[in-house]
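# Observations on the model geometry
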Amino acid sequence: MRESKSLDPGSNRRGNYGGLSIGMTPSPPSVIINEVEMARQARRRKKWWCGQLSSNSALGGFIFLVGLAAAGERIAFKVAIDQMEPFRVFLALFVNLSLVLVSGVVVLYKKMKQPSEITPSMHRFPRWSIFLIALLDTLSLVVMVVAGASTPPVLTVLFMQATIPFIILLSSCPPPSFSSSPFSPSITTGRGGGRKTKMFKNEHWQGGGLILLGIAVAMAPTVHAAFWHGHRDIGINTLAYVLCCLPAAFSQLVKERAIIKFSQPMNFYYLNLLLGIYQFVLLLVLSPLTYRLQGLGMGWNTYAMTDLSTAVTDMCLCLFSGQSIPPGRYPIDPQCRFASLATFFYIFSTLLVTFAVNGVLAYGTPLILYRTINSSVALAFVVLALYSMNKWAWITSYALNIFDFLGLFIVLAGMERYHREPEPDTEMLTHFSLSPEEGEEGEEEEVF
């Protein structure tokens, strides 16, 4: 909700500060919900193109886009890494570079057309914090991409929701010995700089518990296949896929703390550009190691180091020309027919879901957004269940399994339970310029 409050006497900044909802568990890369930026965009949309559209129609359209884009993102992610399995870590590098280029264009446009939105003070955001956040995001992405190829399709959707209970556990149980460390998930709140842990309500704990229970139920066929049918690689990769949500949750908490500790307005487009650049450099430097990690569960030497340069060349041929790769060159032959379609659809969906989330928040409420995300999880699950009947036909239990659907029901119930109550009152600061007609001269600030 919105309330007004006087500016700090020592502040001469004319701008708004806003809270961000951090608890949502989108697909990678993570979607940051910037409610203040969305409100500004909503006001402009009403002036430019929404004058003849009712708010309900606009909200319905954005809800539709969020549902389709979020589901499409999850589906395209799984199909892309299955199509290009031998060089999926280089695929992640390409996707990251594409998103960095898009972010760079947005930031460049803002600097040229709206210079007040990216101020010199924002360049002083601690580089150590950016590096740490990028490192955690990179770790999560690498594990997710490496393990995703051998994880049953429907489980890739359910397991991403594990970020929610991990956030609860990490933020509620900080290690006392690291309370002053940048690795500590405790949060500095308010202008006084006091540090406290996020206090979750019973509904949050119950929701997180249900999500973990649903994931455990859905993992039952994987455990059965790993220990009774000898598919150890599937068991190891499935467990790794769940654990990739741990650094992702830690990253969100570190980002939250870093922004609040910075205690100055921060443009999130600019911040995401910095994070993307750092992450690209880390992925590039670690690529020789992560290439060999693709053999997780099959042996360290499954992907030989000598195939590194060849893999990059073959990936480009597969991605941009659809040219088939000679069979037997890799442990698992790539399927290049739909590789480019799945990859570019994933990039498009990632960008579209961010735009659509902004629209839902501008015209609706966070609860509407969360329920739309829940619906997208169910939609992606159903589509990937049908996909698994073909791709995973050699493992009968993964075509359509009662444990998977039971796990889906429990996870969705947990997400609904978690989001019924507002998250702990922790704010992240952002800044945008007020046009002359949007506020009085430096008298008040709006708190979302």
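Data block above holds the structure.
These lines cover the structure that appears in this document, whether it is placed above or below.

Criteria and cut-off values
Residues numbered from 1 in each chain as written. Predicted model: local features only at pLDDT ≥ 70, side-chain atom pairs only at ≥ 80, totals over all residues. Heavy atoms only, no water. Helix = DSSP H or I, 4+ residues; strand = E, 2+ residues; numbered from the N terminus. Buried < 20%, exposed > 50% of the residue type's maximum accessible area, 1.4 Å probe, protein only. Areas by Shrake-Rupley, 256 points an atom, 1.4 Å probe, with all protein chains shown as cover. Phe/Tyr/Trp six-rings, centres within 6.5 Å; stacked < 30°, edge-to-face > 60°. Lys NZ or Arg CZ within 6 Å of the ring centre and 35° of its normal. Patch = residues over 30% accessible without salt bridge, like charges linked within 9 Å, V, L, I, M, F, W, Y side chains within 5 Å. Salt bridge = Lys/Arg side-chain N within 4 Å of Asp/Glu carboxyl O. Axes fitted to C-alpha atoms, helices over the stretch in contact; angles between N-to-C directions. Parallel < 35°, antiparallel > 145°, perpendicular 65-115°, else oblique. Left-handed = near helix turned anticlockwise from the far one by under 90°. Contact = heavy atoms within 4.5 Å. Nonpolar A, V, L, I, M, F, W, Y, C, P; charged D, E, K, R; others polar.

## Regarding the overall build of the protein chain
Looking only at helices and strands, the protein chain features 15 helices and six strands. Burial analysis of the protein chain (448 residues in total) assigns 54% to the buried set. Split by element, the accessible area of the protein chain, about 19,800 Å² in all, is 65% carbon and sulfur.

## A short note on the packing of aromatic side chains
Inspection of the entire model under this criterion finds 10 aromatic pairs. Considering the side-chain rings of Phe 94 and Phe 320, the 5.6 Å spacing of their centres and the 85° angle between planes classify their relative orientation as edge-to-face. Of this pair, Phe 94 sits in helix 3 (residues 88-113) while Phe 320 sits in helix 12 (residues 308-320), and the two are 226 residues apart along the sequence. Ring pairing ties together the aromatic residues Phe 62, Phe 355 and Tyr 363, which thus form one cluster. Above the plane of the ring of Phe 77 lies Arg 74, whose end atom (NZ or CZ) is 4.8 Å from the centre.

## A word on the environment of Gly 61
Counting through the fold element by element, Gly 61 comes out in helix 2 (residues 55-83). Assessed through its relative accessible area of 32%, Gly 61 is described here as partly exposed. The spatial distance from the C-alpha of Gly 61 to the C-alpha of Ala 356 is 8.7 Å, given a sequence separation of 295 residues.

## Digging into a nonpolar patch on the surface
A grouping of Ile 277, Val 281, Val 285, Leu 286, Leu 289 and Leu 293 is seen on the molecular surface, where their side chains present a nonpolar patch of about 470 Å² in accessible area. Following the sequence through the fold, Leu 289 ends up in helix 11 (residues 268-293). We classify Leu 289 as partly exposed; its relative accessible area is 42%.

## Section: the packing of helix 4 (residues 127-148) against helix 9 (residues 232-243)
Helix-helix packing is described using two parameters, namely the angle between the two axes and the distance between the axes. The N-to-C vectors of helix 4 and helix 9 enclose an angle of 150°; their axes lie 8 Å apart at closest approach. With respect to helix 9, the axis of helix 4 lies roughly antiparallel. As helix 4 runs across helix 9, the sense of the crossing is left-handed. Contacts between helix 4 and helix 9 pair Val 143, Met 144, Val 146, Ala 147 and Gly 148 from the former with Asn 237, Ala 240 and Tyr 241 from the latter. Taken together, the residues that form the contact of helix 4 with helix 9 break down as six nonpolar, two polar and no charged.

## Topic: the pattern of salt bridges
Under the defined criterion, the tally for this structure stands at five salt bridges. Lys 201 serves as the salt-bridge partner of Glu 421, at 3.3 Å between the closest nitrogen and oxygen. In this pair, Glu 421 is assigned in the loop between helix 15 (402-419) and strand 6 (444-447) and Lys 201 in the loop between strand 5 (194-196) and helix 7 (202-218), connecting sequence segments 220 residues apart. What makes Glu 421 partly exposed here is its relative accessible area of 25%. A cluster of three or more residues bridged by salt bridges with shared partners is formed by Arg 371, Glu 416 and Arg 420.

## Section: the packing of helix 6 (residues 163-172) against helix 7
Where helix 6 contacts helix 7, the two axes come as close as 8 Å, and the packing angle between them is 130°. Taken together, the axis directions place helix 6 and helix 7 in an arrangement best described as oblique. Helix 6 and helix 7 meet at a crossing whose hand is left-handed. Here Ile 164, Pro 165, Ile 168, Leu 169 and Ser 172 of helix 6 lie close against helix 7, whose contacting residues are His 204, Trp 205, Gly 208, Ile 211 and Leu 212. Of the residues that constitute the contact of helix 6 with helix 7, the class distribution is seven nonpolar, three polar and no charged.

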